[in-house]
Amino acid sequence: MNMADRIQHLRKSKGISQEELADKVGVSRQAVSKWESEQSTPDIEKVILLSDFFDVTTDYLLKGIEPVSENITKKSDARIFSLVGSVFNFIGLVVAIMIWKEKQTSFSVAVGLSLMAVGVMIFVIGQFIGENKEKASFWFWTVNVWIVILIPISCVFNAMQGILGGHWWTFRPTPELGNSIGFYVLCWGFYFAVCIIVDLLLIKHAKR
């Protein structure tokens, strides 16, 4: 691992963008980009600022030398928290659908959203105490946008369709086919459009 790789690794471990790092050390984003692509190297003043910000030695930044007496406490991997949070979210959606099919009650929505709240909270904890925050956040939201927004969109859709269509409705974890097939298709179209747009934005941000 060379100096460029070390700077990039430390930045991503903190879960910050090139713009954020540039603000911390008083340079442009292009300068940070050049450091990480080996087009240039930071001067000694910036090396000192980087070492203070990342809480590492200048020897580590310049040569990759770890302090001999350093007692490193390894942080948890934020990706583990993202995985566990995703499992809770998926279980929440499945349980909500199962309760609805069994009992036809709005209680299913409350159970599903409660489990998802736990899943998102686990993810947030990982962002505070774990490493690899940027990757963890990318994979969590890329997958979970498809899970987390389905119930809220379904509830809003069912309420609107019931009020506008004049038929009985209730909160349920999936869209209800009421009086209008077109409105039902529109709901699913909106759901897929939102999820795809969010994923594309996340991918675009990850490539920066």
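Residues numbered from 1 in each chain as written. Predicted model: local features only at pLDDT ≥ 70, side-chain atom pairs only at ≥ 80, totals over all residues. Heavy atoms only, no water.

(A) How the structure looks around the packing of helix α6 (residues 78-103) against helix α8 (residues 133-148). The geometry of α6 relative to α8 is characterised by a closest axis approach of 9 Å and an angle of 5° between their N-to-C directions. By the angle between their directions, the pair α6 and α8 is classed as roughly parallel. Packed against α6, whose contacting residues are Ala78, Arg79, Ser82, Gly85, Ser86, Asn89, Phe90 and Leu93, the element α8 presents Lys133, Lys135, Ala136, Ser137, Phe140, Asn144, Ile147 and Val148 at the interface. Broken down by class, the residue content of the contact of α6 with α8 amounts to seven nonpolar, six polar and three charged. (Axes fitted to C-alpha atoms, helices over the stretch in contact; angles between N-to-C directions. Helix = DSSP H or I, 4+ residues; strand = E, 2+ residues; numbered from the N terminus. Parallel < 35°, antiparallel > 145°, perpendicular 65-115°, else oblique. Contact = heavy atoms within 4.5 Å. Nonpolar A, V, L, I, M, F, W, Y, C, P; charged D, E, K, R; others polar.)

(B) Local environment of the side chain of Arg172. Mapped onto the secondary structure, Arg172 falls in the loop between α9 (150-165) and α10 (181-206). At 4.7 Å, Glu176 is the nearest oppositely charged side chain to Arg172, a buried residue that forms no salt bridge. Reaching out from Arg172, the side chain makes a polar contact with the backbone oxygen of Thr174 at a distance of 3.2 Å. Once residues lying within four places of it in the same chain are set aside, the contact partners of Arg172 are Trp100, Val109, Ile151, Ser154, Cys155 and Asn158. (Buried < 20%, exposed > 50% of the residue type's maximum accessible area, 1.4 Å probe, protein only. Lys, Arg positive; Asp, Glu negative; His and termini not counted. Salt bridge = Lys/Arg side-chain N within 4 Å of Asp/Glu carboxyl O. Polar contact = N/O pair within 3.5 Å; in protein donor to acceptor, adjacent residues only side chain to side chain.)

(C) Region of the structure containing a nonpolar patch on the surface. A cluster of nonpolar side chains, contributed by Leu83, Val87, Phe90, Ile91, Val94 and Met98, occupies part of the molecular surface with about 550 Å² of accessible area. Mapped onto the secondary structure, Val94 falls in helix α6. On the accessibility criterion, Val94 (31% relative accessible area) is partly exposed. (Patch = residues over 30% accessible without salt bridge, like charges linked within 9 Å, V, L, I, M, F, W, Y side chains within 5 Å. Areas by Shrake-Rupley, 256 points an atom, 1.4 Å probe, with all protein chains shown as cover.)

(D) Fine view of the packing of aromatic side chains. Enumeration over the complete set of coordinates arrives at twelve aromatic pairs. Measuring from ring centre to ring centre gives 6.2 Å for Trp188 and Phe192, while their planes differ by 40°; the resulting arrangement is tilted. On the criterion of helical spacing, the pair formed by Trp188 and Phe192 is a turn pair, its members being four residues apart in helix α10. Of the aromatic side chains, those joined through ring pairs into one cluster are Trp146, Trp188, Tyr191 and Phe192. The residue whose ring lies beneath Arg6 is Tyr60, and the NZ or CZ to ring-centre distance is 5.9 Å. The side chain of Lys14 reaches across the aromatic face of Phe53, ending 5.1 Å from its centre. (Phe/Tyr/Trp six-rings, centres within 6.5 Å; stacked < 30°, edge-to-face > 60°. Lys NZ or Arg CZ within 6 Å of the ring centre and 35° of its normal.)

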